[in-house]
Amino acid sequence: MPKRYHSALVFLHWLMALMIIAALVAGTFVLAPVDNSDPAKLLSFQMHMGLGLAIGALLLLRLIVRASTAHPAPATTGIALADRLAPLAHWALYLLVLAMVGSGVALSLASGLGNAVFFGGEMPANFNGIAARTGHGVIATLLMITIGLHILAALWHQLVRRDGLLSRMGFGKR
Ligand code: HEM
Ligand code: HEM
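Residues numbered from 1 in each chain as written. Chains lettered and ligands numbered in written order. Predicted model: local features only at pLDDT ≥ 70, side-chain atom pairs only at ≥ 80, totals over all residues. Heavy atoms only, no water.

Trainee: Would you mind going over the overall build of the protein with me for this structure?
Mentor: The helix and strand tally for the protein stands at 5 helices and 0 strands. The principal-axis extents of the C-alpha atoms in the protein amount to approximately 55 × 25 × 20 Å. Expressed as a percentage of its 174 residues, the buried residues of the protein come to 34%. Within the protein, contacts between residues separated by at least 24 positions form 79% of all contacts whose residues are at least 6 apart in sequence. Approximately 10400 Å² of the protein is accessible, and the part contributed by carbon and sulfur atoms is 73%. A gap of 22 Å separates the mean positions of the 12 positive and 5 negative side-chain charges of the protein. (Helix = DSSP H or I, 4+ residues; strand = E, 2+ residues; numbered from the N terminus. Buried < 20%, exposed > 50% of the residue type's maximum accessible area, 1.4 Å probe, protein only. Contact = heavy atoms within 4.5 Å. Areas by Shrake-Rupley, 256 points an atom, 1.4 Å probe, with all protein chains shown as cover. Lys, Arg positive; Asp, Glu negative; His and termini not counted. Charge placed at Lys NZ, Arg CZ, Asp CG, Glu CD.)

Trainee: What is the right way to look at the site of ligand 2 in this model?
Mentor: Lining the immediate surroundings of ligand 2 are 24 residues, of which Lys41, His48, Leu113, Arg133 and His136 lie closest. In the model, an oxygen atom of ligand 2 is placed 2.8 Å from a nitrogen or oxygen of the Arg133 side chain. Those elements that place two or more of their residues in the shell around ligand 2 are helix H1 (7-31), helix H2 (41-68), helix H3 (80-111) and helix H5 (131-161). Counting residues per element, the shell around ligand 2 draws most heavily on H2, which supplies 7 residues. The class makeup of the residues in the shell around ligand 2 is 13 nonpolar, 9 polar and 2 charged. (Near = heavy atom within 4 Å. Polar contact = N/O pair within 3.5 Å; in protein donor to acceptor, adjacent residues only side chain to side chain. Nonpolar A, V, L, I, M, F, W, Y, C, P; charged D, E, K, R; others polar.)

Trainee: Help me understand the packing of aromatic side chains, please; the structure alone is not making it clear to me.
Mentor: Tallied over the entire structure, the rule returns 2 aromatic pairs. Where Phe45 meets Phe127, the ring centres are 6.1 Å apart and the plane angle is 80°; that geometry is what we call edge-to-face. In this pair, Phe45 is assigned in helix H2 and Phe127 in the loop between helix H4 (113-119) and H5, connecting sequence segments 82 residues apart. Accessibility classification places Phe45 together with Phe127 in one group, the buried group. The interplanar angle of 50° and the centroid separation of 5.2 Å between the aromatic rings of Trp91 and Tyr94 together place this pair among those described as tilted. (Phe/Tyr/Trp six-rings, centres within 6.5 Å; stacked < 30°, edge-to-face > 60°.)

Trainee: Honestly, the pattern of salt bridges in this entry has me stumped. Any pointers?
Mentor: Pairs can form between side chains of opposite charge whenever their charged atoms are close. In total, this model carries 1 salt bridge according to the counting rule given. We note a salt bridge from Arg161 to Asp163, for which the minimum N-O separation is 3.8 Å. Judged by its relative accessible area of 33%, Asp163 falls in the partly exposed class. (Salt bridge = Lys/Arg side-chain N within 4 Å of Asp/Glu carboxyl O.)

Trainee: Would you mind showing me how to read the coordination of the iron atom of ligand 1 here?
Mentor: Octahedral metals with six donors have ideal donor angles of 90 or 180 degrees. Tetrahedral metals with four donors have an ideal donor angle of 109.5 degrees. In the first shell of the iron atom of ligand 1, the protein supplies His13 (NE2) and His150 (NE2), at 2.0 Å from the metal. If you look at the iron atom of ligand 1, its 6 donor atoms make angles of 88 to 179° with each other, and the shape they trace is octahedral. You can see His13 sitting in helix H1 and its partner His150 sitting in helix H5, a full 137 residues away along the chain. Relative accessible area serves as the criterion here: at 13%, His13 is assigned to the buried category. Overall, the relative accessible area of 28% leaves His150 in the partly exposed class. (Donors = N, O, S within 2.8 Å, 3.2 Å for Na, K, Ca; no water. Tetrahedral: all angles 85-135°; square planar, octahedral: opposite > 155°, others 65-115°.)

Trainee: Which parts of the structure should I look at to understand the confidence of the model for the protein?
Mentor: Detail in the predicted coordinates should be disregarded across regions flagged by low pLDDT. With 100% of its residues at a pLDDT of at least 70, the protein reaches an overall mean of 97. When mean pLDDT is compared element by element in the protein, H1 scores highest at 98, while H4 scores lowest at 94. (pLDDT = per-residue confidence, 0-100.)

Now the structure itself:
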């Protein structure tokens, strides 16, 4: 069994980590507080939606790479419950990211935003009453919490248990 994940998976992990954190931060602090009537918002929408769709495409690529490469043996914490939760947390991350992309696309279709942003249609005044908008916000919060726990778990392995877990998600000889 290899010592690390495949370098293509490692590359996708860190690239997507940056993209997802950027989308979460920009969605919360740049998009949500600004009114749709603000002309500056068009560029923010274009960047956020482009980034979100790119994350969706990379996620599909990542699942293919994941299914076709060998992984290291499951990491152990010495705590049976934590060992059982880790793979569930990883699948939750994949599912939540997919749900962010799905709810984002559903929101832009339901509100006419996609048409406004990419084809010059009329900008919706707001997203009030659109279930996908509420869903996108709730899923974003769940994703932030899960990423926070994921980072804490990685740091716990690295700094408390000192098992060199981060090197499994690093480049080098397998
Ligand atoms: C920026 C801080 C992050 C750190 C320090 C980090 C660290 C790690 C490490 C060390 C692993 C390997 C675990 C193992 O050896 O089994 C891992 C796996 C994983 N990470 Fe992260 N990660 C970060 C961000 C993210 C983000 C933002 C996501 C996606 C939302 C993510 C999704 C995953 C997934 C799904 C796996 C499991 C890989 C697999 O088996 O498919 N990580 N992460
Ligand atoms: C992983 C991908 C994505 C992440 C992490 C993400 C993240 C976020 C976050 C954190 C917010 C603010 C939520 C709130 O404060 O309630 C937001 C808002 C939004 N996102 Fe995304 N998003 C993603 C993908 C997409 C996609 C693919 C689209 C559309 C094609 C999209 C369209 C929107 C729209 C229209 C808003 C609402 C802005 C407003 O209320 O003015 N997002 N996103």
